[in-house]
Amino acid sequence: MAEWTEKDPIVSIRDVHKYFGDLQVLKGVSLDVMKGEVVCIIGPSGSGKSTLIRCVNALNDIQGGVIKVRGIDLTEPSLDKLALRKRVGMVFQQYNLFPHKTAMENIMMAPMLVLKEKEEDVRQRARELMKKVRLEGKEDAYPGELSGGQQQRVAIARSLAMSPDVMLFDEVTAALDPETVKEVLVTIKDLAQEGMTCILVTHEMGFAREIADHIYFTDNGVIVEHGPPATFFSEAKDPRTKEFLSQIL
């Protein structure tokens, strides 16, 4: 197998099919993401968006096609899922923080338990990550003492603590109050501007227009249309894309 190079897609999705029982959720999806690129996936509920990105870190197995991350074939029976998830961080709609652990402890757990890193090294990185997500002074706060937006930023810091190559964001603002959405989006924008490869499933169209290098519109398990934001929103060609955009813009 040829070695992955930075000229290759960091995430390559080829003709991917996914079933849940008899229900086919992904019907031959293909897309590439280059290193440092920000890709937004939009579409109606049930169109397969979240399923697709859950396949990228092997939370969902696929029944056809190939997904590669930095050249690692996710369909290989010998796939080391732990090694994969070090490379691919994921932040969900629900924060999934441990309520009995402080913000710092939540961030430090995986590097210490999974990567077996030294506590003092992890603690220093966790402090830097708290600063990065604009939560200085909240290191000793428990999740119940934080707003939804603050908890989501701790969840982002927790994923970053594993030093991933790619970050996946699955509707990370969907459960937030409107006033806390912006602080989470600003955090993601900062990451993107620093060169982190990001794949986002989002309903935040203004944000997608601002941050994305490329936008994919999915419906009924297929990619209907895609393009850069400059043309995607103003020059959509497919009738289904036009209908969707007319309802949300």
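You'll find the structure just up there.
Note that this is a predicted model, so its numbers are computed, not measured.

Basis of the calculations
- Residues numbered from 1 in each chain as written.
- Predicted model: local features only at pLDDT ≥ 70, side-chain atom pairs only at ≥ 80, totals over all residues.
- Heavy atoms only, no water.
- Helix = DSSP H or I, 4+ residues; strand = E, 2+ residues; numbered from the N terminus.
- Rg over C-alpha atoms; globule rule 2.2 N^0.38 Å.
- Buried < 20%, exposed > 50% of the residue type's maximum accessible area, 1.4 Å probe, protein only.
- Areas by Shrake-Rupley, 256 points an atom, 1.4 Å probe, with all protein chains shown as cover.
- Lys, Arg positive; Asp, Glu negative; His and termini not counted.
- Charge placed at Lys NZ, Arg CZ, Asp CG, Glu CD.
- Core = buried A, V, L, I, M, F, W, Y, C linked by side-chain atoms within 4.5 Å.
- Contact = heavy atoms within 4.5 Å.
- Disulfide = S-S within 2.5 Å.
- Pairing = 2+ DSSP bridges.
- Phe/Tyr/Trp six-rings, centres within 6.5 Å; stacked < 30°, edge-to-face > 60°.
- Salt bridge = Lys/Arg side-chain N within 4 Å of Asp/Glu carboxyl O.
- Polar contact = N/O pair within 3.5 Å; in protein donor to acceptor, adjacent residues only side chain to side chain.

Peer 1: I'm lost on the overall build of the chain in this one. Help?
Peer 2: Looking only at helices and strands, the chain has 9 helices and 10 strands in total. Its C-alpha atoms give the chain a radius of gyration of 18 Å, within 12% of the compact-globule value 18 Å for 249 residues. Oriented by its inertia axes, the alpha-carbon framework of the chain measures out at about 50 × 45 × 35 Å. Residues counted as buried form 50% of the 249 residues belonging to the chain. Taken as a whole, the chain presents about 12000 Å² of accessible surface, with 48% of it coming from carbon and sulfur. Computed over 31 positive and 37 negative side-chain charges, the inter-centroid distance for the chain is 1 Å.

Peer 1: Sorry if this is basic, but what is going on with the nonpolar core here?
Peer 2: Buried together is how nonpolar side chains tend to be arranged in soluble globular proteins. In this structure, Ile42, Ile107, Ile156, Phe169, Ile188, Leu200 and Ile215 are the most contacted members of the largest nonpolar core, which totals 49 residues. By residue number, the principal contributor to this core is helix α6 (residues 178-193), which donates 6 residues. Those residues in contact with Ile42 that lie beyond four places of it in its chain are Lys49, Thr202, Met205, Ile215, Tyr216, Phe217, Thr218, Phe232, Phe244 and Leu245. If you look at the next biggest cluster of nonpolar residues, it comprises 29 residues, including Val39, Ile41, Val56 and Val69.

Peer 1: Would you explain the state of the cysteines in this entry?
Peer 2: Disulfide: a covalent bond connecting the sulfur atoms of a pair of cysteines. Going through the model one piece at a time under the given rule, you end up with 0 disulfides. Cys40 takes part in no disulfide bond, and the closest cysteine sulfur, belonging to Cys198, lies 8.9 Å away.

Peer 1: Help me understand the sheet that holds strand β4 (residues 64-69) in this model?
Peer 2: Across a sheet, paired strands are connected by hydrogen bonds in the backbone, their directions being either parallel or antiparallel. Spatial ordering of the open sheet is given by β2-β1-β4-β5, a layout of 4 strands whose pairing is antiparallel. A strand with exactly one partner marks an edge of an open sheet, and here the two such strands are β2 (23-33) and β5 (72-73). Pairing of strand β1 (residues 11-20) with β2 involves 8 bridges; the strand directions are antiparallel. Its bridge partner being in β2, Ser12 is matched across the sheet by Asp32.

Peer 1: What should I look at first to understand the packing of aromatic side chains in this one?
Peer 2: Note on aromatic pairs: each is described by the distance of the centres and the angle between the planes. Within this structure, the stated rule accounts for 2 aromatic pairs. Ring centres of Phe217 and Phe244 lie 4.9 Å apart, and the angle between their planes is 35 degrees; this geometry places the pair in the tilted category. Separated by 27 residues along the polypeptide, Phe217 in strand β9 (residues 214-219) and Phe244 in helix α9 (residues 239-248) bring together distant segments of the chain. Taken as a pair, Phe217 and Phe244 share a single burial class, namely buried. A centroid spacing of 5.3 Å and a plane angle of 85 degrees characterise the contact between Phe232 and Phe233, whose relative ring orientation is edge-to-face. Assigned by exposure class, Phe232 and Phe233 land together as buried.

Peer 1: How do you make sense of unusual backbone geometry when you look at a structure like this?
Peer 2: The phi angle of most residues is negative, glycine excepted, and most peptide bonds adopt the trans form. A positive phi angle, close to 50 degrees, is found at Arg70, a residue other than glycine. Mapped onto the elements, Arg70 comes out in the loop between β4 and β5. Phi is positive for Arg134, which is not a glycine, with a value near 60 degrees. Along the chain, Arg134 falls in the loop between α4 (119-132) and α5 (148-160).

Peer 1: Looking at this model, I keep getting lost on the side chain of Glu37. Mind explaining?
Peer 2: Topologically, Glu37 is positioned in the loop between β2 and β3 (38-42). Here Glu37 sits buried without a salt bridge, and the closest side chain of opposite charge, Arg14, lies 11 Å off (N-O distance). Within the structure, Glu37 has its side chain in polar contact with the backbone nitrogen of Met34 (distance 2.8 Å). Ignoring anything within four residues of it in the chain, the contact list for Glu37 reads Asp32, Met196, Thr197, Cys198 and Asp213.

Peer 1: What's the story with the pattern of salt bridges in this structure? I'm lost.
Peer 2: Between side chains of opposite charge, pairing is possible as soon as their charged atoms come close. Evaluation of the coordinates by the stated rule reveals 13 salt bridges. The salt bridge partner of Lys189 is Glu210, with a shortest N-O separation of 2.4 Å. Highlighted residues: Lys189 in helix α6 and Glu210 in helix α7 (residues 205-211), separated in sequence by 21 residues. Looking at Lys189, the relative accessible area reads 28%, which means it is partly exposed. Through salt bridges that share partners, Arg70, Arg87 and Asp165 make up one connected network.

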